[in-house]
Every structure is written in C-alpha cells, then in structure tokens.
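Take a look at the letters that make up each chain.
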Amino acid sequence: MSEILNTRDSFGSKFGVIAATAGSAIGLGNIWRFPYVVGENGGGAFLIIYLAFVLAIGLPVMLSEFIIGRSSQRNAFGAFKVLAPGKPWYLVGVMGVVAAFMILSFYTAVAGWTLEYIYQSFANGFAGKSSAELSSMFTDFRSESWRPLLWFFVFMAMTALVIIAGVKNGIEKYTKILMPVLLVILVVLCIRSVTLEGATGGLEFLFKPDFSKITARTVLEALGQAFFSLSIGMGTLITYSSYVSKKETLGSISFSVAVADTMIAILAGVAIFPAVFAFGIEPGSGEGLVYITLPNIFQQMAGGYVFSLLFFLLLGVAALTSTISVLEVIVAYFVEELKLSRKKATWLATGSVSVVGIMCTLSWGAMKNVELFGMNVFSLLDFISANILLPLGGLLIVVFVGWFLGRNKAKAELSNEGRLKVVYFPAFMMIVKFIAPIAIALVFLQQIGLIRL
Ligand code: TRP
C-alpha cells in the first residue's frame, strides 16, 4: 500500500485542484445541457429548484466524495475496498465505473459536435444563413455518419492524450489555463446577448418563476441536472480528491467549485435565453439549442466571426476538461485494480468507450431507429446516467459517509485531523444522514411511480 501511495501522482497546488475539479464540473452540462433543460422545464421555477438542490444536496454529496477519496487515496472502486474491507460497498464504485462508460460515450459525441462547429466558425459557415437554415444545418450534420464519427474519435483521442500525460502534467496543467479564459469569453457573450433587442423576454423566462410549470418530472430533472453538473454521484470526485494533498481544506474547495459551476451555468443561461427570445426561437428546442441559437447570434454581432470561433473553441475546451475527468475514473480503476500501465489502461478504456460512443454518435443517423422506451441510444444513456445512476450513486455515497464511515472519520478528514474548525459539520452530518437520503429517495420513488407527491 505504501508503495502505491508513494508512486501515486497528485495535484501540485490549491489552484490546480480547484481548476481541475471546476474543470470537471463545468462542461457541456453547464453550457449545453443546463440551458436546454431549463428551456424544456419552463425556466425560472426550474432554476429555483435547481439552486436548492445544489446547495442542500449537491454540496454535501460533493464533500462526501471528497472525504471518501482523500481519506482512501484510491480510485472510486478501491476507495470503498480500503474504507469498508469485506463489505459490498465497492459495488458503488463498480456502478460509478459503469456510469463513467455511459456518460463518456454520449458526452464525447456532443463534444465532437463542438469540433465541427469550431471548423464551421473557422470556415465562416454560418454567415448569411437564416435561423431555419442554421437549424437544418445542425440536424443534417448530426444525422450524417462519417463527420460526426470523425469528430468523436478526434475528441476521444485528445482526452486520452491528456490522461496519459498524468494528473499534474496533464489534467492540472491544461485546466489551469483554460478555465479562466472560458469565464472571460462567456461574460463577453452575456453582455452581447442581453443588449440585443427583445432580450428581456429571455431574462424573464430564466429568472421569473412560473410554478405552474413544475411537475414531478421537473423535480427529477433538476436533481439529475445538479448531479450531472457538479460531476457527483459516480466517483469522479472520489478519484480527483484522491490526488489532493492532506493539507488542503476540503470544505472551501467544494464550496468554490459548486459556486463556480452554478455561476457558469447561470451565465450560460444569460448568454443564451435573451438571444433565443430576441431571435424568436423556441426555448424548449432540446439538444440543438446551443448549436442553432448561438451561430445565429454570432452571425449578427460585430466581430461575430472571432467570437464564434472562440466560443466553440472554449466550449470544446470545457468539454475536454470534463471528459478527462470521466476517463480518469476508468483509468484510475484499471491502473490500480487491474495493475495496467497508465498508457495501456487509457487506450483500453478509450477503445471500449468508443464502441458505445459510436452508437450514441449515430443516434440521429444510421441508428435512429434503435429505440428503447421511446428514446434513442444517446437519450437513453443520458437519461439512465443523469437521472438514475448519478442520484442512486449519490444516495449510496451519502449513506456510506453518514451511516457507515461515521462522524469521527468524516470529521477527521474535513478538519485535517483536527487542525481546522468545521463549523458546518453538524449541518453536514444532518444532511448526509437524513435530509439528502430522504430527498433523493423521494424523488426516486416518485419517478418509478410508487408514490405520488
Ligand atoms: N459535470 C460535467 C458537465 O457538466 C460532466 C461530468 C464530468 C460529469 N464528470 C462527471 C457528470 C461525472 C457526471 C458525473 O459537463
């Protein structure tokens, strides 16, 4: 064991930890998924429920993962083996690795679209197109075979190359530079969007709650989105925190990451909805929202060519800092449990994810008739992972920390063995023992139809 501890890679600085973890959290989930899920679920009221879930449940689940990861210094599966030897808790880790496979395959498909849009921005491909033309440009592209597949593989390969370079020289090095730049660009886009004529409708849609739009499904979607956006519930943060130094303060890191993640999601909403309304596009237009609406804005604004290029470049980068965090879950597992070299583990993981990824990529084209429960492969994996596996994983993680690991070990980890004051500890314990498990369970039972709220 000591040998593994000594040879394990780790993050080099606090900023590196925050950049990497925020890099994982901030991704397509914020800039692509959040706006369209808000759009489909009626706007402002969804946002309020979402914020409540982030604070009351997301943050404590995040901290729980940090406790598990940093105290065990292992991958998502090994962590449970170390902390609960001989007990079946490692199955939570297994579920996490399975969820990582699913998420990575559909996520990288969308990340690949980003590369197509970088290319189109570069080639000035949006210029002079009407919103209807931009819309069919997107739907036509996504129902093709070769181009989406090409971009999918390019994206997988980039992810793999960063992972092979390691934690400090790969993950940390790239996220430290790219995250601040993303923020700057997004703020610029927000300013442009809210100054468009007819923009206020979008702000109202986002910030003025209409509670009549709330259904049980909305609540479930809000929880799923919170888990997805914060990268919690499947061991990504267990894996990342296992590389965090014992000197860092887990409480402040998780708070910074949750705030940054939420802020970026809201900013993405502010960049998108005012423009959606200004151009008379339906806010509930689903997965195409970012890929149709934004080109429309860019081709109208001064300097749009540059902004378009920058935006899709940075969307790709945001996606990359997230795909690497998901791939790292699988690779850390392969390296530590199957004793593969990092390089072998990476290519093995990348290869197997690609098999499912191909099906996701072709979900609107060659494989559009393959449906289960009325969903194509892509939507099915998205739904199962974000709305079922992540909340279930989160439930088991908080129950593990609240009821199995126990208050002394949790407190020791959060207080760095008693050196720090953790004023929030009683509230944290209360949430992980009772509130979070009950809330997550209720949303579930409702979902499978056992109760009606
Ligand atoms: N949070 C990322 C996003 O919003 C996606 C992501 C990365 C993720 N790692 C994860 C989602 C782990 C769930 C679990 O884009």
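Residues numbered from 1 in each chain as written. Predicted model: local features only at pLDDT ≥ 70, side-chain atom pairs only at ≥ 80, totals over all residues. Heavy atoms only, no water.

**Concerning the packing of aromatic side chains**
For step 1, the next point in the chain: Enumeration according to the criterion identifies 36 aromatic pairs in this entry.
For step 2, the next point in the chain: Seen from their ring centres, Trp32 and Phe378 are 6.4 Å apart, and the 80° between their planes marks the pair as edge-to-face. Taken together, the positions of Trp32 in helix α3 (residues 28–40) and Phe378 in helix α17 (residues 377–405) put the pair 346 residues apart, joining distant regions of the chain.
For step 3, the next point in the chain: Taken together, a centroid distance of 5.3 Å and an interplanar angle of 50° make the contact between Tyr117 and Phe312 tilted. In this pair, Tyr117 is assigned in helix α6 (residues 90–122) and Phe312 in helix α15 (residues 304–337), connecting sequence segments 195 residues apart. (Phe/Tyr/Trp six-rings, centres within 6.5 Å; stacked < 30°, edge-to-face > 60°. Helix = DSSP H or I, 4+ residues; strand = E, 2+ residues; numbered from the N terminus.)

**A closer look at a nonpolar patch on the surface**
For step 1, the next point in the chain: Taken together, the side chains of Leu55, Leu183, Val187, Ile191, Phe255, Val259 and Met263 make up a nonpolar region of the molecular surface, amounting to roughly 610 Å² of accessible area.
For step 2, the next point in the chain: The set of elements that each furnish at least two residues to the nonpolar patch consists of α9 (167–194) and α13 (250–278).
For step 3, the next point in the chain: Topologically, Leu183 is positioned in helix α9.
For step 4, the next point in the chain: Taking relative accessible area as the criterion, Leu183 reaches 31% and is therefore assigned partly exposed. (Patch = residues over 30% accessible without salt bridge, like charges linked within 9 Å, V, L, I, M, F, W, Y side chains within 5 Å. Areas by Shrake-Rupley, 256 points an atom, 1.4 Å probe, with all protein chains shown as cover. Salt bridge = Lys/Arg side-chain N within 4 Å of Asp/Glu carboxyl O. Buried < 20%, exposed > 50% of the residue type's maximum accessible area, 1.4 Å probe, protein only.)

**A look at the nonpolar core**
For step 1, the next point in the chain: If you look at the biggest cluster of nonpolar residues, it comprises 158 residues, and the most contacted ones within it are Tyr291, Phe311 and Phe312.
For step 2, the next point in the chain: The element best represented in this core is α6, accounting for 17 residues.
For step 3, the next point in the chain: Once residues lying within four places of it in the same chain are set aside, the contact partners of Phe311 are Ile31, Ile185, Leu186, Leu189, Val290, Leu294 and Phe298. (Core = buried A, V, L, I, M, F, W, Y, C linked by side-chain atoms within 4.5 Å. Contact = heavy atoms within 4.5 Å.)

**A closer look at helix α5 (residues 76–83)**
For step 1, the next point in the chain: Most of α5 is tucked away, with six of its eight residues classed as buried.
For step 2, the next point in the chain: Turning to α5, its buried residues number three or more, namely Ala76, Phe77, Gly78, Ala79, Phe80 and Leu83.
For step 3, the next point in the chain: Residues of α5 that are buried in the fold lie against α4 (44–72), α6, α12 (236–241), α15 and α17.
For step 4, the next point in the chain: Of the residues that open α5, the one with a side-chain oxygen 3.0 Å from the backbone nitrogen of Phe77 is Asn75. (Polar contact = N/O pair within 3.5 Å; in protein donor to acceptor, adjacent residues only side chain to side chain.)

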